[in-house]
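Single-letter residue listing:
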Amino acid sequence: MTTAVLIPARTGVLRGRIRIVVAITITWNVIEAVIALAAGGAASSAALIGFGMDSIVEVLSAAAVAWQFAAPEPEKREKVALRVIAVSFFGLAAYVSVDAILSLTGLRDPEHSTAGIVLAALSLAVMPFLSWFERRTGRELGSASAVADSKQTLICTYLSAALLVGLLLNSLLGWAWADSIAALVIAGFAVREGIEAWRGDACCAAPVAVLTGERESEHCNDDCCASEKSCG
């Protein structure tokens, strides 16, 4: 499948949409981080504090895309934006993994938090829509960084679900380990997405349409693409 050439007017509309969804994402995550860190500190909840840190990472990722699309020619900033997003994925995976291990070893025990449960539920309702909207727009625009950021938002959705389940199981059944197991799974997913984002600009032979999933790669011209499934 070939990628349609966008007319300038459509490109402008799509770039405007990216800027709007990124602004909403940043605003939401700043509020989310403040509430989660405050509630986590009050309840001595490592899960909530970790969730607040994830929100800060999401702000960093969205800010990278905002910085890219603030330029007249966003394509020239895509390499840096992708690298920032990749590093934010790795940072998220590292923090969540350490936090989960500390909880599993009994050094930290998530406690009941009504504010945390409400916050996780609201995030679970909002984040999937933001992720879907940014990913759809990024694919049409052919922006690998926007698609990568939408995956960061999707991970925040998974973490919201894990936090909600963990807090509920801990509050209702006393299962303090439940959210830690889910967090480790999310950390693995974050590492995978971070690697994809890091490779996004390095595979110079792969068109942006391949990076965003719009079409299959037909052949490989450099080593970094050789391991991709589409290059078999």
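Small disclaimer: the values here were computed from a predicted structure and weren't measured.

**Some points on the overall build of the protein chain**
At step 1: The number of helices and strands found in the protein chain is 7 helices and 0 strands.
At step 2: Looking at the 232 residues of the protein chain, the share that counts as buried comes to 45%.
At step 3: For the protein chain, long-range pairs separated by at least 24 residues make up 75% of all intrachain contacts whose partners lie at least 6 apart in sequence.

**As for the side chain of E32**
At step 1: Tracing the sequence through the fold places E32 in helix α1 (residues 8-43).
At step 2: Only 2.7 Å separates the side chain of E32 from the side chain of S55, close enough to count as a polar contact.
At step 3: Apart from the residues lying within four places of it in its own chain, the contact partners of E32 are F51, S55, L119, S123, M127 and C156.

**Digging into a nonpolar patch on the surface**
At step 1: On the surface, a cluster of nonpolar side chains totalling about 860 Å² of accessible area is made up of I101, L104, L168, L172, L173, W175, W177, I181 and L184.
At step 2: Looking at the nonpolar patch, the elements with two or more residues in it are α3 (78-104), α5 (144-173) and α6 (178-200).
At step 3: By residue number, the principal contributor to the nonpolar patch is α5, which donates 3 residues.
At step 4: The topology assignment puts L184 in helix α6.

**Some details on the packing of aromatic side chains**
At step 1: Scanning all chains against the criterion turns up 3 aromatic pairs.
At step 2: Taking 6.1 Å as the distance between ring centres and 25 degrees as the angle between the ring planes, the aromatic pair formed by F129 and F133 counts as stacked. Separated by 4 residues within a single helix, F129 and F133 lie in helix α4 (residues 114-141), roughly one turn from each other.
At step 3: Residues W132 and F133 carry aromatic rings whose centres are separated by 6.4 Å and whose planes lie at 55 degrees to one another, so their mutual orientation is tilted.
At step 4: Note on W132: relative accessible area 46%, which makes it partly exposed.
At step 5: By the ring-pair criterion, three or more aromatic residues cluster together here, those being F129, W132 and F133.
At step 6: Seen from the ring of W198, R83 lies directly overhead, with NZ or CZ sitting 3.9 Å from the centre.

**Topic: the environment of R136**
At step 1: Following the sequence through the fold, R136 ends up in helix α4.
At step 2: Take R136: its relative accessible area is 54%, and that puts it in the exposed class.
At step 3: Sequence spacing of R136 and L14 is 122 residues, and the spatial spacing of their C-alpha atoms is 9.9 Å.

**Digging into the nonpolar core**
At step 1: Core analysis: the biggest nonpolar cluster contains 42 residues, and I18 and L163 have the highest contact counts within it.
At step 2: Listing elements by their share of this core, those giving two or more residues are α1, α2 (46-69), α3, α4, α5 and α6.
At step 3: When residues in this core are grouped by element, the largest group, 10 residues, is from α5.
At step 4: With sequence-adjacent residues up to four places away left out, L163 is seen in contact with A47, L48, F51, G116 and A120.

**Focus: α5**
At step 1: Helix length check: α5 (30 residues) gives 43 Å between terminal C-alpha atoms against 44 Å at 1.5 Å per residue, within 8%.
At step 2: Summarising burial for α5: 21 of the 30 residues are buried, a large majority.
At step 3: Remark: G174 follows α5 within two positions and exhibits a positive phi of approximately 75 degrees.

**Description of the confidence of the model for the protein chain**
At step 1: Across the protein chain, the average pLDDT comes to 75, with 79% of residues at 70 or higher.
At step 2: When pLDDT is averaged over each element of the protein chain, α4 comes out on top at 87 and helix α7 (residues 208-211) at the bottom at 40.
At step 3: Contacts from residues 201-232, a stretch scored under 50 in pLDDT, to residues over four places away or in other chains number 49 contacts.

**Some details on the pattern of salt bridges**
At step 1: In the structure shown here, the tally under the stated rule is 2 salt bridges.
At step 2: Residue E73 is joined to K76 by a salt bridge in which the shortest nitrogen-to-oxygen separation is 3.3 Å.
At step 3: Residue E73 is classed as partly exposed on the basis of its relative accessible area of 43%.
At step 4: Residue classification places K76 among the exposed residues on the basis of a relative accessible area of 66%.
At step 5: Measuring nitrogen to oxygen at the nearest pair gives 3.1 Å for the salt bridge that ties K151 to E196. You can see K151 sitting in helix α5 and its partner E196 sitting in helix α6, a full 45 residues away along the chain.
At step 6: Relative accessible area serves as the criterion here: at 17%, K151 is assigned to the buried category.
At step 7: The partly exposed category is assigned to E196, whose relative accessible area is 40%.

How each quantity is defined
- Residues numbered from 1 in each chain as written.
- Predicted model: local features only at pLDDT ≥ 70, side-chain atom pairs only at ≥ 80, totals over all residues.
- Heavy atoms only, no water.
- Helix = DSSP H or I, 4+ residues; strand = E, 2+ residues; numbered from the N terminus.
- Buried < 20%, exposed > 50% of the residue type's maximum accessible area, 1.4 Å probe, protein only.
- Contact = heavy atoms within 4.5 Å.
- Polar contact = N/O pair within 3.5 Å; in protein donor to acceptor, adjacent residues only side chain to side chain.
- Patch = residues over 30% accessible without salt bridge, like charges linked within 9 Å, V, L, I, M, F, W, Y side chains within 5 Å.
- Areas by Shrake-Rupley, 256 points an atom, 1.4 Å probe, with all protein chains shown as cover.
- Salt bridge = Lys/Arg side-chain N within 4 Å of Asp/Glu carboxyl O.
- Phe/Tyr/Trp six-rings, centres within 6.5 Å; stacked < 30°, edge-to-face > 60°.
- Lys NZ or Arg CZ within 6 Å of the ring centre and 35° of its normal.
- Core = buried A, V, L, I, M, F, W, Y, C linked by side-chain atoms within 4.5 Å.
- Expected span 1.5 Å × (residues − 1).
- pLDDT = per-residue confidence, 0-100.

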